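# Commentary on secondary and tertiary structure
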Amino acid sequence: HLMGDEHLPVRPMVKELTMIPDDLDFKGERWGRALLRLGNLLAISARDVSRLPLGEVGRREAFVERAARARSYYERAATVPELAPIAQANLAMLRHWGGEHQAAIESLKAVANTSDGAKVQLAKVYWDLGREDEAAEAVSATMDIEGAILRLRRGCQ
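Fair warning: this is a prediction, and the values are worked out from it, not measured in the lab.

### Some remarks on the overall build of the chain
Of the regular secondary structure elements, the chain holds 8 helices and 0 strands. Its helices and strands taken in sequence order, the chain reads α-α-α-α-α-α-α-α from the N to the C terminus. Across the 157 residues in the chain, those meeting the buried criterion constitute 42%. In the chain, once contacts between residues fewer than 6 apart in sequence are set aside, the share between residues at least 24 apart is 62%.

### Some words on the nonpolar core
Counting 42 residues, the largest nonpolar core has Leu 2, Leu 36, Ala 43, Tyr 74, Leu 94, Trp 97 and Leu 108 as the members making the most contacts within it. At 9 residues, helix α2 (residues 29–49) tops the list of elements feeding residues into this core. In this view, Leu 2 contacts Asn 40, Ala 43, Ile 44, Tyr 74, Asn 90, Met 93, Trp 97 and Gln 121; residues no more than four positions away in its chain are not counted.

### Some points on helix α4 (residues 84–97)
Between its first and last C-alpha, α4 extends 20 Å over 14 residues, near the 20 Å set by a 1.5 Å rise per residue. Across the 14 residues of α4, 10 count as buried, placing the element largely inside the fold. Residues of α4 that are buried include every one of Ile 86, Ala 87, Ala 89, Asn 90, Leu 91, Ala 92, Met 93, Leu 94, His 96 and Trp 97, and no others. Summarising the contacts, the buried residues of α4 are in contact with α2, α3 (55–77), α5 (101–111) and α6 (116–128).

### Topic: the packing of α4 against α5
Viewed as axis vectors pointing N to C, α4 and α5 meet at an angle of 160 degrees, and their least axial separation amounts to 8 Å. The pairing of α4 with α5 is recorded here as roughly antiparallel in orientation. Seen along the crossing, α4 lies across α5 with a hand that is left-handed. Residues Pro 85, Gln 88, Ala 89, Ala 92, Met 93, Arg 95 and His 96 of α4 lie in contact with α5, whose contacting residues are His 101, Ala 103, Ala 104, Ser 107, Leu 108, Ala 110 and Val 111. Class assignment for the residues of the contact of α4 with α5 results in 9 nonpolar, 4 polar and 1 charged.

### Some remarks on α5
The periodicity of an α-helix, 3.6 residues per turn, causes residues three or four positions apart to be oriented the same way. Considered for burial, the residues of α5 that qualify are Ala 104, Ile 105, Ser 107, Leu 108 and Val 111. All buried residues of α5 lie within an arc of 170 degrees about the axis, which places them on one face of the element.

### What about the side chain of Asn 40?
Position of Asn 40 relative to the elements: it lies in helix α2. A distance of 2.6 Å separates polar atoms of two side chains, one belonging to Asn 40 and the other to Tyr 74. Discounting residues that sit within four places of it in the chain, Asn 40 has contacts with Leu 2, Tyr 74 and Asn 90.

### Some details on the environment of Ala 104
Position of Ala 104 among the secondary structure elements: in helix α5. For Ala 104, a relative accessible area of 0% corresponds to the buried category. Sequence-wise, Ala 104 and Leu 91 are 13 residues apart; in three dimensions their C-alpha atoms are separated by 8.1 Å. Setting aside anything within four residues of it in sequence, one finds Ala 104 in contact with Ala 92, Arg 95 and His 96.

Cut-offs applied
- Residues numbered from 1 in each chain as written.
- Predicted model: local features only at pLDDT ≥ 70, side-chain atom pairs only at ≥ 80, totals over all residues.
- Heavy atoms only, no water.
- Helix = DSSP H or I, 4+ residues; strand = E, 2+ residues; numbered from the N terminus.
- Buried < 20%, exposed > 50% of the residue type's maximum accessible area, 1.4 Å probe, protein only.
- Contact = heavy atoms within 4.5 Å.
- Core = buried A, V, L, I, M, F, W, Y, C linked by side-chain atoms within 4.5 Å.
- Expected span 1.5 Å × (residues − 1).
- Axes fitted to C-alpha atoms, helices over the stretch in contact; angles between N-to-C directions.
- Parallel < 35°, antiparallel > 145°, perpendicular 65-115°, else oblique.
- Left-handed = near helix turned anticlockwise from the far one by under 90°.
- Nonpolar A, V, L, I, M, F, W, Y, C, P; charged D, E, K, R; others polar.
- Arc of directions from axis to C-beta.
- Polar contact = N/O pair within 3.5 Å; in protein donor to acceptor, adjacent residues only side chain to side chain.

Honestly, it's all geometry; don't read function into it.
Here is the structure:
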């Protein structure tokens with residue numbers, strides 16, 4: 001589950017890694033999980049580039065390009081039924097970072113019952129929007145409340 005606190009490999013490796021799936025198309029859960037992870041790299045890259053001093057147009061264009069590639073990986077991963085809720089939740093986080101906050105919340109609410117990871121992602125979106133009470137409510141619905149709090153804190157630093 002994408003939170004934004006993941007560690008990224010060095011910059012040259014990110015580009016190399018994210019180009020691999022363009023030429024390959026395997027089936028199965030293992031490949032789907034790889035696509036999720038690569039989508040996460042691109043999503044975090046999109047979020048980070050949108051914070052650079054490139055001017056509004058430059059930031060938007062860079063975000064859109066990376067987000068589109070991340071979205072395509074998430075969509076490909078979602079063809080594996082076991083991974084579809086994770087792909088949908090990760091796509092919701094990407095939408096949140098792109099400014100579609102309410103759409104992200106609705107999407108995360110739809111999959112929150114599938115895993116604690118999706119609940120923590122929902123809490124993260126609420127937290128980012130200054131809605132601490134709703135974030136606390138989402139965290140309190142997890143099986144491992146302490147673990148969820150730690151993950152949320154790490155993702156909010």
